[in-house]
Amino acid sequence: MNLPDQQLVIPDFTEAVDKAVEPVGPVVVSGRRLTPTPVFDTYWRFAAARQELYEARLRGTSPPWTNDPILLRHRFTNCYRAADRVSQFLISQVSYAGSQKPVDVVFRTLIFKVFNRISTWRHLEVEFGEPNWREFDFERYNKALNKLFDNGERLYSAAYVIPPPALGEKRKHANHLRLMDMMITSGGVDRIVSAGSLHGVFEVLRSYPAIGDFLAYQYTIDLNYSTVLDHDEMEFVVPGPGARDGIRKCFGRSAQGIEGDIIRYMADHQEQHFSRLGLRFAGLRGRRLQLIDCQNLFCEVDKYARVAHPDIKGISGRTRIKQLFQPVSEPVPAWFPPKWGINGDAVPAK
């Protein structure tokens, strides 16, 4: 299934698949007239193909789940952030498992997300049972993580860069444990719960050391999956570096400075463009793409376009996709925050 690059037959994305498809003209975002590149239509085609692959896996269909050669060879996240493996684990095994006291939910969420690695969380569970704030002890947690680190185990996910706060410790993970302690003892939980909006939660998180705009937004979305918050994911968005690359490839340099408004345009006009291209996209059990999902899709299309549109450059200048697709036979978990009302008879994965 993983073919050498020279054996890949890359589809021609520079022309519409169906000659009856209406070509997209300039779009106006924030008063700025933007001329989409061919990557713009690839954004929608990629979303439809990636969601179709996800749904095929949910049905238990045997691989291959797609005939797209780029999707067959390379790994891409799901269209919906909450459907990805780590988010599914967070929702079912961290957010909704155990004490639902706000302090425990916030502590569990942040201690999981700062490492963003399931194996690290499992190690903490083996050592301490269900991690909770009342029994948190810096020295014990630090000792447990030092043991992993000294054995050559990775503590952090490579999904995105998580910079260490400068809080007096020599090792990155120890400084992050100090940060967790600081966030709880400084009244962070009350400030998060009473923030009143998604952006308010973001501002609280952004106020702590080494948590920049991108991480603060990601953590805000993670906390909003839980029972302690219930804000609208369509409230606001923070474009990450990968999304900015994808936006540049879709709209060129004219998009600079209005990336957040462009993401909102994509979310607001999704049905129009899926229909224009004759694409089937029913959403996540009827749930439309939210701002966070459209932001993530720009990250994935940035990668996809490195192969599909190698002549169209982004900001970073990257030309290769590092991660290869490795099919797995395990069932795909699909249990979402109950407040979304899309679970039906589904139950959390064990």
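Residues numbered from 1 in each chain as written. Predicted model: local features only at pLDDT ≥ 70, side-chain atom pairs only at ≥ 80, totals over all residues. Heavy atoms only, no water.

Enquirer: Help me understand the packing of aromatic side chains, please; the structure alone is not making it clear to me.
Expert: Any aromatic ring pair is given by two values, namely how distant the centres are and how the planes are angled relative to each other. For the structure shown, the criterion picks out 24 aromatic pairs. Ring centres 5.7 Å apart and planes at 15 degrees place the aromatic pair Trp133 and Phe136 in the stacked group. Each ring, one from Phe274 and one from Phe281, has its centre 4.4 Å from the other, and the planes form 5 degrees; the classification is stacked. One exposure class covers both Phe274 and Phe281, and it is buried. Clustering of aromatic rings is evident, with ring pairs tying together Phe40, Tyr43, Trp44, Tyr80, Phe251, Phe274, Phe281 and Phe298. The ring centre of Tyr156 lies 4.3 Å from the NZ or CZ of Lys172, which sits over that ring. The ring centre of Phe138 lies 3.5 Å from the NZ or CZ of Arg178, which sits over that ring. (Phe/Tyr/Trp six-rings, centres within 6.5 Å; stacked < 30°, edge-to-face > 60°. Buried < 20%, exposed > 50% of the residue type's maximum accessible area, 1.4 Å probe, protein only. Lys NZ or Arg CZ within 6 Å of the ring centre and 35° of its normal.)

Enquirer: It is not clear to me how the confidence of the model for the protein chain should be interpreted in this structure. Could you clarify?
Expert: Fine structural detail should not be taken from predicted coordinates in areas where pLDDT scores are low. Model confidence for the protein chain is summarised by a mean pLDDT of 92, while 93% of its residues fall at 70 or above. Segment residues 1-19 is flagged for pLDDT under 50; beyond a separation of four residues in sequence, or across chains, it makes 29 contacts in the model. (pLDDT = per-residue confidence, 0-100. Contact = heavy atoms within 4.5 Å.)

Enquirer: So what exactly am I meant to see when it comes to the pattern of salt bridges here?
Expert: Enumeration according to the criterion identifies 16 salt bridges in this entry. Put simply, Arg280 and Glu55 hold a salt bridge, and the shortest N to O gap is 3.0 Å. Here Arg280 is found in the loop between helix H13 (270-276) and helix H14 (291-308), whereas its partner Glu55 is found in helix H1 (residues 38-58), with 225 residues between them in sequence. By relative accessible area, Arg280 is classed as exposed at 56%. Put simply, Arg287 and Glu233 hold a salt bridge, and the shortest N to O gap is 3.1 Å. Highlighted residues: Arg287 in the loop between H13 and H14 and Glu233 in the loop between helix H10 (213-224) and helix H11 (241-251), separated in sequence by 54 residues. Grouping residues by exposure puts Arg287 and Glu233 together as buried. The network of salt bridges with common partners includes Arg81, Lys113 and Asp222. (Salt bridge = Lys/Arg side-chain N within 4 Å of Asp/Glu carboxyl O. Helix = DSSP H or I, 4+ residues; strand = E, 2+ residues; numbered from the N terminus.)

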